[in-house]
Amino acid sequence: MLLRSVSEFWWFPHMYSHMQPHLFHNHTSLLEQMILNKDFALEHGIPVDQGYAVAPHHSGVYPVHPQLYESWRKAWDIRVTSTEEYPHLKPARYRKGFIHNDIMDYPGGPKALDNSIMGGELFLTVLLNPISVFMTHLSNYGNDRLGLYTFLHLADFISTWTHLQLDTLPPLQLAQRYFTLFPQQREPLWQNPCDDKRHRDIWSKEKTCDRLPKFLVIGPQKTGTTALSLFLLMHPSISSSFPGPRTYGEVQFFNTNNYLQGIDWYMELFPLPSNVTSDFLFEKSSAYFPSEDAPRRAAALLPKAKILTMLINPSDRAYNWYQHQKAHEDSTASRFSFYDVISAQHGAPADIRSLQNRCLTPGLYHTHLERWLTHYPVNQLVVLDGQQLRRDPAAVMDEVQKFLGVTPHYNYSQTLTFDQQKGFWCQLSEEGKTKCLWSEGQKYPPMEPEARSYLSRYYREHNIDLSKLLHRLGQPLPSWLREELQKIS
Ligand SMILES: Nc1ncnc2c1ncn2[C@@H]1O[C@H](COP(=O)(O)OS(=O)(=O)O)[C@@H](OP(=O)(O)O)[C@H]1O
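Reading the values: rules and limits
- Residues numbered from 1 in each chain as written.
- Predicted model: local features only at pLDDT ≥ 70, side-chain atom pairs only at ≥ 80, totals over all residues.
- Heavy atoms only, no water.
- UniProt positions renumbered as here; feature names shortened; annotations may be inferred.
- Helix = DSSP H or I, 4+ residues; strand = E, 2+ residues; numbered from the N terminus.
- Contact = heavy atoms within 4.5 Å.
- Areas by Shrake-Rupley, 256 points an atom, 1.4 Å probe, with all protein chains shown as cover.
- 1 Å grid on protein atoms, 1.4 Å probe; cavity = no way out; pocket = protein on both sides within 12 Å on 5 of 7 lines; lining within 4 Å.
- Points joined across faces, edges and corners; volume = space filled by probe spheres on them.
- Polar contact = N/O pair within 3.5 Å; in protein donor to acceptor, adjacent residues only side chain to side chain.
- Disulfide = S-S within 2.5 Å.
- Buried < 20%, exposed > 50% of the residue type's maximum accessible area, 1.4 Å probe, protein only.

- The name an unreviewed UniProt entry gives the chain is Sulfotransferase, with Coregonus suidteri as the organism.
- As its UniProt record puts it under Subcellular location (unreviewed entry), the chain is described as follows: "Golgi apparatus membrane".
- Reading the Sequence similarities (unreviewed entry) entry of the UniProt record for the chain gives the comment "Belongs to the sulfotransferase 1 family. NDST subfamily."

What follows is the structure in C-alpha cells.
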C-alpha cells in the first residue's frame, strides 16, 4: 500500500531500519547499510534524489560522526539535514545551524508536544525564528493525529494573534534560505561532546574526550615557544600532540581551516593518555595568540584548558620574526630592510604592508590578551617572560609546573645546561649529551638603534596598556616591560 503512494511521501534516505549511525565506527559497514536501503528504494522506483535526510535518534550529526557525513554523501548525496540539537540542546529557539563537510544542518523544532502552542515554547520558536523545521514521528503522535492537531492549532494561533505569514519550501531550498539569512552560522563551533550527557549518549563509544589537551601554548611566534615545548616534554607527565600536517609541526587547529575538519581530526593528533588524571596533553601553536578566532573556538571546545603565553619585548619579537622570514626566503623580507618594513606608510605597496602587518600586529599584546580573557577566566591564563626563559629557564619551568598543577615536581636545574657555543640553554640527557634546539646560535646582527627607537614609540601605548592589564591580573611585570616603561617616564 505504501509503495503505491511513493509520490505522497519522502523516503527516509538513511540506513536500513532505524539504525543509529554513531554505533558504526567502521565507515564501510555504515555505508553498506545505507546502500541496502538505497537499493530497496531504487528497486521499487522510490525517488532518492532529494538530498535531504534526518538522522534517527539525532545520532551522528552533532557531535559530528564524520563516518556518517561521508556515507550520507556517498550513498545518497545528502546535502541537508534538519537533525536538531546543535550546539545547545535547549531551549529550542536558541538552536543554530552549521555546515560540515558541505552538508547543511539547520535546526529543527521540539520533539515532544507540550502545552506550548498558545504563546509557549512552540509559538515562540516560530515567532523568534524566521525558519523553523518540525519533525513528527508517526508512532510518537498517535499515528500523527496529535501532530496534525498541534500544527493546525499553531497556525491558527499565529494567524489570529500576529501578522506573520507562514510559508514553506522543500528542504534544500529552505536550508539555502536559512544560511543566507544567517551567514555567520555557516561555520560550526565545536564543543566538548563529553560535557553534556545527552551529547555523549549520541556519540560513538569508541571515541573519548581524553584525547583533548589540558593546556595550550598559544605563542606568539618567535618568543621562545619551541624551547618552552621542548622543556615541557622533559616532564614525565607531559606529552604533546603529534606534528600537524602542513603547518611546520604545529597543529594550528583553532586559527585555520583545519578547524573545519572537525574534532575527530583534532583528537587523532593526540596520543591516548595512559592516566587521564595525571597525564597532561598539550599542543603549541604560536599563531593562536593574535588570532581573532582561536580564543572563541578554543574556549568552546576546551573551556577548562590552561593557556600559556610567552612574551618578549614586542620590538625584539618583530625583529626576530622578520629575520625568520628572511631566512626562509620570503621575497618581500629579502628585498626590504627591517626599517623599511616597520616604517612603511599607508601608500606603500601591498606586499610590504602585508608583511608589516604580520610583523607588528602580534606585538599588540594587550589587545590579544584582552581577547583571550573575554573567553577564559583570569586564573586559567599565565603570561610567561620569554627573556627570563632565555636567561633562567629552570625558574620559568618551576612557575609553569605550579600553574599547571602537574606532578611530580621535575627538577629542571639538574637537567638543563647552558651551551656556551650556541648561547642557549639545552636539555642534558642522562648519558650526559646535550640536546639543543638549533644547530647554531643566532645568525643575524643586532637590531639597528633607529629601528629600536621607532618600535619603542610604536608600541609605547600598547606596553602601558599591557602593564595595567598585568597589574589587574596580579601578574608580575617582565623585566623588558619595566625597561620599556622607564624609557617613557
Ligand atoms: N633554549 C633556547 N633554545 C633556542 N632558542 C631559544 C631558547 N630560549 C629562547 N629561545 C628563543 O626562541 C626563539 C624562537 O621562538 P619560537 O620558538 O617561539 O619561534 S616559532 O614561532 O615557534 O618559530 C629564538 O629566536 P631566534 O634567535 O630569533 O631564532 C630564540 O631566541
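1. Quick look at the overall build of the chain
1) Next: A tally of helices and strands in the chain yields 19 helices and 12 strands.
2) Next: Look at the contacts in the chain between residues 6 or more apart in sequence, and 72% of them connect residues 24 or more apart.
3) Next: In the structure as shown, the chain presents an accessible area of about 24700 Å², 53% of it carried by carbon and sulfur atoms.

2. Considerations on empty space enclosed by the protein
1) Next: Taken as a whole and assessed by the stated rule, the structure comprises two cavities of 30 Å³ or more.
2) Next: As a volume, the second largest cavity reaches approximately 40 Å³.
3) Next: What lines the second largest cavity is simply Y62, P63, V64, W190, Q191, P193 and I263.

3. Let's talk about the UniProt feature "active site" (unreviewed entry) in the chain
1) Next: In the UniProt entry, the feature "active site" (unreviewed entry) is given for K222.
2) Next: Relative to the elements of secondary structure, K222 occurs in the loop between strand 5 (215-219) and helix 7 (225-233).
3) Next: Ignoring anything within four residues of it in the chain, the contact list for K222 reads I312, R317, N320, W321 and H324.
4) Next: A polar side-chain atom of K222 sits 3.2 Å from a polar atom in the side chain of H324.

4. Quick look at the state of the cysteines
1) Next: Going through the model one piece at a time under the given rule, you end up with two disulfides.
2) Next: One disulfide in the model links C194 with C209; its S-S distance is 2.0 Å. Note on the C194 and C209 pair: the S-S dihedral is about 85 degrees, so by sign convention the disulfide is right-handed. Separated by 15 residues along the polypeptide, C194 in the loop between helix 5 (171-181) and helix 6 (197-201) and C209 in the loop between helix 6 and strand 5 bring together distant segments of the chain.
3) Next: Given the relative accessible area of 23%, C194 is considered partly exposed.
4) Next: Judged by relative accessible area, which is 13%, C209 ranks as buried.

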